[in-house]
Structures are given as C-alpha cells and as structure tokens.
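Given next are the chains, with one letter for each unit.
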Amino acid sequence: MDRELTTYGGPIEEDEEDDGSGDSGDGGGSAEDGTEDEEVPDPTVLTLTAGADGTIPIKEEWLGKGFYIVRKGNDKDRTMSPAQELNIPLRPDAPTPTGEDVDPSNPTELAKLKDLAPNTAYDVSSDGGKTWATKTTDGNGVIKGLDAPETYVVRVSATDTNFKGKVSGEMELGSFQLTVTFMANGEKHQEVKVYYARKLTPVPAVPPKKDAGDQILAGTWCKDGW
C-alpha cells in the first residue's frame, strides 16, 4: 500500500493564527527592521509502497529528520488519510572504550572493555564488524570475558527506543603466553607456545619409534618465566 512521506528536516511547529496585524507570528524579520526571514527548505515528497509485512525500510539519510506520513487514496473507495508526524532519531554516537589485557594474576576474567555506559547492551566484534555478539556491561560499564589477543570494535545495540549505534574505533586487547612441553619416552620432544585460554592447535605428532616399545606422548603446562 502506498505511503507518501514529506520530509521537513525537523520537528513540526504549528502556525499561529493571523490576528490581522500583518505579523505572522513566526519570529521572522523583514527588510524594514534589518533582518532576513529564515529560509524554509522546500519539502521533498516521496511516494513509497509498503512491503508484504506492512513496513517501509528506513534509509540512512532519513535519520535525524522529520516527516509527515499519509496513506494515499485510490480514487475509488479510499481517501487520503490525515498526515501524521514521524521524527526519526539519529544513531547513538560511537562509544570510546578503553581496554584491559588479560591479567596474569587473575586470568579467569580474561580481557575487558571499560569506560562504557553501565548496564547497557553493546554489540562486540573481533572481525572488523563482519559478525557481532551482544554483551551487556556491568554496573561499572565493563564488559568482561573477552578472548585475547584480539582487536575489537563495539556499538550500542539496537533496542525498542534506538537504532544500532555507530561503530567505535579499534581496541587491541592483549594476553600472555603459556609454554606446553611435549615429552616422548621420557624425553623432551617439542615445546609449543599458546595464549592463555586459547585452544592448542595443532598438537605435535608422535615421533617415530626408536624401538619396539610403546610410544608415550605427554604434555605439561607452564607459564613463561616460571
């Protein structure tokens, strides 16, 4: 069904009635008092057809603007509806979080994003915005439990009252490494470094047998510097 949208660039203000004094009441000046009337932009009329679900997708350039919206008549059994006001808000600003690397003295909390709004849902991405995961900050505006090392971007999540926000700049979060020593037949076979809480891949292959005895491959964990 067709909808006609007229953009006016801001909130609607009702005109005051003319009292016959020649003053329109709009606060504009004239050449006589040395001021100029404020220019009002010409409205842009868009005729759009709602989809099968009864919705019209909002375009990015509509954000922060005001519209009149009417349902068009069909010249048969339906007249044009009264105009309704529709103000479309802007996206929330991009957040500016700070980061905290994985702390070796308390590594179970993993890495953190800090200085965000408390108790607020954010979309978090570690692949440049290709995929997103929703995380909610605690009462101090912190998101915990993030894998590292990674580079993150965040934005305010979409809700019933706001669109998804603008994307933040990149924030690099670091971690520390562990050394895994693989032993074969009681001898050191290979050492592999892995970041804390990360999956160890690939596991080294068992070395060739030196004799007919069973080959045993074992690994032990130790933190670098210990």
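Scroll up for the structure.
Residues numbered from 1 in each chain as written. Predicted model: local features only at pLDDT ≥ 70, side-chain atom pairs only at ≥ 80, totals over all residues. Heavy atoms only, no water.

A. Spatial organisation of the overall build of the chain. Counting its secondary structure elements, the chain contains 0 helices and 14 strands. For the chain, the α and β elements follow one another from N to C terminus as β-β-β-β-β-β-β-β-β-β-β-β-β-β. Residue burial in the chain is summarised as follows: out of 226 residues, 27% are buried. Taking contacts inside the chain between residues at least 6 apart in sequence as the whole, the part at least 24 apart equals 55%. (Helix = DSSP H or I, 4+ residues; strand = E, 2+ residues; numbered from the N terminus. Buried < 20%, exposed > 50% of the residue type's maximum accessible area, 1.4 Å probe, protein only. Contact = heavy atoms within 4.5 Å.)

B. Molecular detail of the pattern of salt bridges. For the structure on display, the rule yields 7 salt bridges. For Arg91, the salt bridge identified is with Glu60, shortest N-O distance 2.9 Å. Note that Arg91 is positioned in the loop between strand S4 (84–87) and strand S5 (98–100) and Glu60 in the loop between strand S2 (44–49) and strand S3 (66–71), a separation of 31 residues in sequence. Accessibility expressed as a relative area gives 21% for Arg91, which makes it partly exposed. Across the salt bridge formed by Lys188 and Glu191, the nearest N and O atoms sit 3.1 Å from each other. A relative accessible area of 55% places Lys188 in the exposed class. Classification of Glu191 as partly exposed rests on a relative accessible area of 45%. (Salt bridge = Lys/Arg side-chain N within 4 Å of Asp/Glu carboxyl O.)

C. Quick peek at unusual backbone geometry. Between Ala148 and Pro149 the backbone carries a cis peptide bond, its omega angle lying at 5°. Structurally, the position occupied by Pro149 is in the loop between strand S9 (143–146) and strand S10 (150–156). A positive phi is found at Leu110, a non-glycine position, where the angle reads about 55°. Here Leu110 is to be found in the loop between S5 and strand S6 (111–114). A positive phi is found at Asn119, a non-glycine position, where the angle reads about 50°. By secondary structure assignment, the location of Asn119 is in the loop between S6 and strand S7 (121–125). Here Asn119 falls in the exposed class, since its relative accessible area comes to 59%.

D. Quick look at the packing of aromatic side chains. Tallied over the entire structure, the rule returns 2 aromatic pairs. Over the aromatic face of Trp132 sits the side chain of Arg155, whose NZ or CZ is 3.9 Å from the ring centroid. (Phe/Tyr/Trp six-rings, centres within 6.5 Å; stacked < 30°, edge-to-face > 60°. Lys NZ or Arg CZ within 6 Å of the ring centre and 35° of its normal.)

E. Geometry of the environment of Thr98. Note on placement: Thr98 falls in strand S5. Overall, the relative accessible area of 34% leaves Thr98 in the partly exposed class. When the C-alpha atoms of Thr98 and Lys114 are compared, they prove to be 5.1 Å apart, with 16 residues separating the residues in sequence. Among all residues touching Thr98, those that are not within four sequence positions of it are Lys112, Leu113, Lys114, Asp115 and Met171.

F. Fine view of the nonpolar core. Ranked by size, the top nonpolar core spans 20 residues in total, and within it Ala111, Leu113, Val124, Ile143, Leu146, Tyr152 and Leu173 carry the most contacts. Ranked by size, the runner-up nonpolar core spans 5 residues in total, among them Leu48, Leu63, Phe67 and Ile88. (Core = buried A, V, L, I, M, F, W, Y, C linked by side-chain atoms within 4.5 Å.)

G. Focus on the sheet that holds S5. The strand order across the open sheet built from 3 strands is S5-S6-S9, with neighbouring strands paired in antiparallel fashion. The outermost strands of the open sheet, each flanked by one partner alone, are S5 and S9. Between one strand axis and the next, the sheet turns through 25° on average, direction left out of account. By the bridge criterion, 2 bridges tie S6 to S9 in an arrangement that is antiparallel. When the bridges of S9 are listed, Ala111 appears paired with Leu146. (Pairing = 2+ DSSP bridges. Axes fitted to C-alpha atoms, helices over the stretch in contact; angles between N-to-C directions.)

H. Examining the side chain of Ser157 more closely. Position of Ser157 among the secondary structure elements: in the loop between S10 and strand S11 (171–173). Polar side-chain contacts of Ser157 include one of 3.4 Å to the backbone nitrogen of Tyr122. Not counting residues up to four positions away in its chain, the partners in contact with Ser157 are Ala121, Tyr122, Asp123, Thr134, Asn162, Phe163 and Lys164. (Polar contact = N/O pair within 3.5 Å; in protein donor to acceptor, adjacent residues only side chain to side chain.)

I. Local environment of the sheet that holds strand S8 (residues 133–136). Pairing in this open sheet of 4 strands is antiparallel, and the strands run S8-S7-S10-S11 from one edge to the other. If you trace the sheet from one side to the other, it starts and ends with S8 and S11, each paired once. Between one strand axis and the next, the sheet turns by 40° as a mean value, whatever way the strands run.

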